[in-house]
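Now for the letters of each chain:
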Amino acid sequence: MEPLQTPSLVHLFFTNCEREDFAGWYHRKNEQWVHFSRTHLRDNTRYLALAFKNRGINPGQSIGIVANSCPEWIMADIASQINQAKVVPLFPNISSENFNFQCDDSDVQILLLNNVKELDQALQDCLGRFKAVICIDPGSSLPENGVYWSDLLKEGEELAKKEQSTLWLVNQISTITPDATFSIIYTSGSTGRPKGAELTHRNMLSQIQVIKKDFIHLDRRSDVALVILPVAHVLERMSVYFYILNGTKIYFGDTPKNASTLMTEIRPTVMTVVPRILERVYESMTGAADKLYGPKRWLLDRAIKLAKIEDPLKRPSLGKRIYDKLVYSKMRDAIGGRFRIIVSGGGALNKSICRFLLNVGLNVTEGYGLTECSPVVSVNKIGSIRPGSVGTPLTHLQVKIGENSEVLVKGDSVFKGYHNMPETNKEIFTEDGFFRTGDQGSFDKDGYLFLTGRIKELLKTSTGKYVSPNPIELEISRHPLVEQALVIANDRKFASVLIFLNPVNARRFLQRDKHDFDVNKAMESTRINEALQRHITRINKKLNHWEQIRKWTLVGDSLTVESGLLTPTLKIRRKAAEEKYAEEIERMYQ
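Rules used throughout
- Residues numbered from 1 in each chain as written.
- Predicted model: local features only at pLDDT ≥ 70, side-chain atom pairs only at ≥ 80, totals over all residues.
- Heavy atoms only, no water.
- Salt bridge = Lys/Arg side-chain N within 4 Å of Asp/Glu carboxyl O.
- Helix = DSSP H or I, 4+ residues; strand = E, 2+ residues; numbered from the N terminus.
- Buried < 20%, exposed > 50% of the residue type's maximum accessible area, 1.4 Å probe, protein only.
- Core = buried A, V, L, I, M, F, W, Y, C linked by side-chain atoms within 4.5 Å.
- Contact = heavy atoms within 4.5 Å.
- Right-handed = clockwise from strand over helix to strand, strands pointing away.
- Pairing = 2+ DSSP bridges.
- 1 Å grid on protein atoms, 1.4 Å probe; cavity = no way out; pocket = protein on both sides within 12 Å on 5 of 7 lines; lining within 4 Å.
- Points joined across faces, edges and corners; volume = space filled by probe spheres on them.
- Nonpolar A, V, L, I, M, F, W, Y, C, P; charged D, E, K, R; others polar.
- Disulfide = S-S within 2.5 Å.

Caption draft 1: Highlighting the pattern of salt bridges. Going through the model one piece at a time under the given rule, you end up with 32 salt bridges. For R28, the salt bridge identified is with E265, shortest N-O distance 3.0 Å. Placement of R28 in strand 1 (residues 25-29) and of E265 in helix 10 (residues 259-266) is noted, with a sequence separation of 237 residues between them. For R28, a relative accessible area of 6% puts it in the buried group. The partner of E475 in a salt bridge is R478, and the shortest N-O contact between them spans 2.5 Å. For E475, a relative accessible area of 25% puts it in the partly exposed group. Classification of R478 as partly exposed rests on a relative accessible area of 27%. Through salt bridges that share partners, R276, E279, R280, E283 and E483 make up one connected network.

Below, the structure written as structure tokens:
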């Protein structure tokens, strides 16, 4: 157990606020960047903690946050920890059943949100259950138990004038122990009861400490971090605390949809993303050729082709060096031009896209983790990236391969168990204390981890054969015409797949402009269907006969978080998609 440099995330936060060279944070609101100075962050977080206490929050209880990423999110996180309460991240599009279960299970007393209108109506109907509902947006309507963020800060500021308030703050902060739970993070609940992973200060601190020491080095004088993922997702939340440890200037974006605008506005040097965002970057870079003609089109096509096939780990060829000056440098400039590190997590990144981005000069490092591991287990180190792998384990962790090729993890950043689930907690750890991840993988001779599937998602056909859908879906999704793929095989006599069409690449493939493109016509296109069938045939040659895709259906609908078909990290929700496309699935088996 490596000694912690600081006893709690609260101590880490305030230590950062005391640095004179800490430039503070920024948040994009109404297309303007609002600055949060270090003194603003320090003082208002204290006011917020006092206001929480005044509103009746007790140690061991919880505060729920259902808001987009913003400085207020982290301030509320720290203020909750000062009260020795836990933060429960919530999402605006979960079912009211799961919402109420999570709030009951974790004893949520106060709810923080941006604007009431951003919640589904079913969740709005649940607001009366809380002691207080805090609205960050001054333009939001207020429920009967509502209070505006600004008014709550004024309440705390008045309380701070009392001597006993200062003594209370000092005592609360000094008595937080590293092994105290600071957050309960629930699984999506797509199968069965949602499970609340309890994370401690030690879990998070040990991880960011090791990442700083051995994997990613930031300079607080020059590095600029962009936050575009939901902080409710543990990967981005960990990233924010990593930036706090480094004293990095942080820009909180308004929405991931504005990623390209945000990158050009602030020209970040580091950010954390999910694969889908990098796929959009790739599509934007390769799609630039559509607007060019003649020699320029020829040059760009050649540069793109080279970037797709050259080994990024070998010494650059003469052609690559030439293209870097003529083409790749302009591609980098289009997304800010200053990136040093882009960390990809939350799902597998297409190997060919990773190779392309590395070749155009973007240090994309892919990692692997789970909420239960706070979340990082392994990561590719800058300078020794191996595309297709999820890197090498963090140095403070023990990682090994157990029965059924299961990845097992042990160490300071592995959680202590699920909230209120003692029986489950007995099953998820081995006798020697390793956490059973449920993921299958293997190590190569150099210690790089490769994931091969997920035990819990094995699909069993009606003939008794098992199909691991994840690697097959990943292979299918590597085709540029495919947005996402969903393998169907459970209780079926053979494997089939729903293929979600990528409309941008379909339009390019058919050489149509935006005004002359129709998704429904594209789905009927002989060229597109033949291209996809050739792709499926190639994949089937690598599979066991019971895993091979016998039938497939093309789907033209857009996959969005709002529709409930994607998770906040842009992974497809299997159960929801199977229910929505039940008729299409049944037709494949008639």
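Anyway, onward from the coordinates.
Caption draft 2: Inspection of the nonpolar core at higher detail. Counting 92 residues, the largest nonpolar core has W25, F52, W73, I74 and Y241 as its most contacted members. If one sorts the elements of this core by residue count, helix 9 (residues 234-246) sits on top with nine residues. The contacts of Y241, once residues within four sequence positions are left out, are L9, L12, I74, D77, I78, Q81, M204 and I208. Of all hydrophobic cores here, the second largest spans 41 residues; its members include I304, C354, L357 and I385.

Caption draft 3: Fine view of the side chain of S62. Residue position: S62 is located in strand 3 (residues 62-66). Taking relative accessible area as the criterion, S62 reaches 0% and is therefore assigned buried. For S62, the residues in contact, after removing those within four places along its chain, are I57, K86, V88, S106, D107, V108, Q109 and I110.

Caption draft 4: Molecular detail of the environment of L306. Following the sequence through the fold, L306 ends up in helix 12 (residues 294-309). Separated by 240 residues in the primary sequence, L306 and W546 have C-alpha atoms spaced 36 Å apart. Not counting residues up to four positions away in its chain, the partners in contact with L306 are S317, G319, K320, Y323, Y328 and N359.

Caption draft 5: Highlighting the pairing of strand 13 (residues 341-344). Side chains I341 and V343 project from strand 13 onto one buried face, and the interleaved I342 and S344 project onto a second face that is buried too. Taken together, strand 13, helix 14 (residues 351-359) and strand 14 (residues 364-369) constitute a β-α-β crossover, and its handedness is right-handed.

Caption draft 6: Inspection of the sheet that holds strand 1 at higher detail. Strand order across the open sheet formed by nine strands is 2-1-11-10-12-13-14-15-16, with mixed pairing between neighbours. The outermost strands of the open sheet, each flanked by one partner alone, are strand 2 (32-36) and strand 16 (392-393). One ladder, built from three bridges, connects strand 13 with strand 14; its direction is parallel. Residue V343 lies in a different strand from strand 14, and its bridge partner there is T365.

Caption draft 7: Representation of the layout of surface pockets. Put simply, the second largest pocket is a space of about 190 Å³. Surrounding the second largest pocket, T452, S468, P471, I472, E475, I539, K542, L543 and E547 form its lining. Of the residues forming the lining of the second largest pocket, the biggest block, three residues, is contributed by helix 16 (residues 469-477). The class makeup of the residues in the lining of the second largest pocket is four nonpolar, two polar and three charged.

Caption draft 8: Inspection of the state of the cysteines at higher detail. Enumeration according to the criterion identifies zero disulfides in this entry. Left unpaired, C70 is separated from the closest cysteine sulfur, that of C135, by 13 Å. With relative accessibility at 4%, the residue C70 sits in the buried group.

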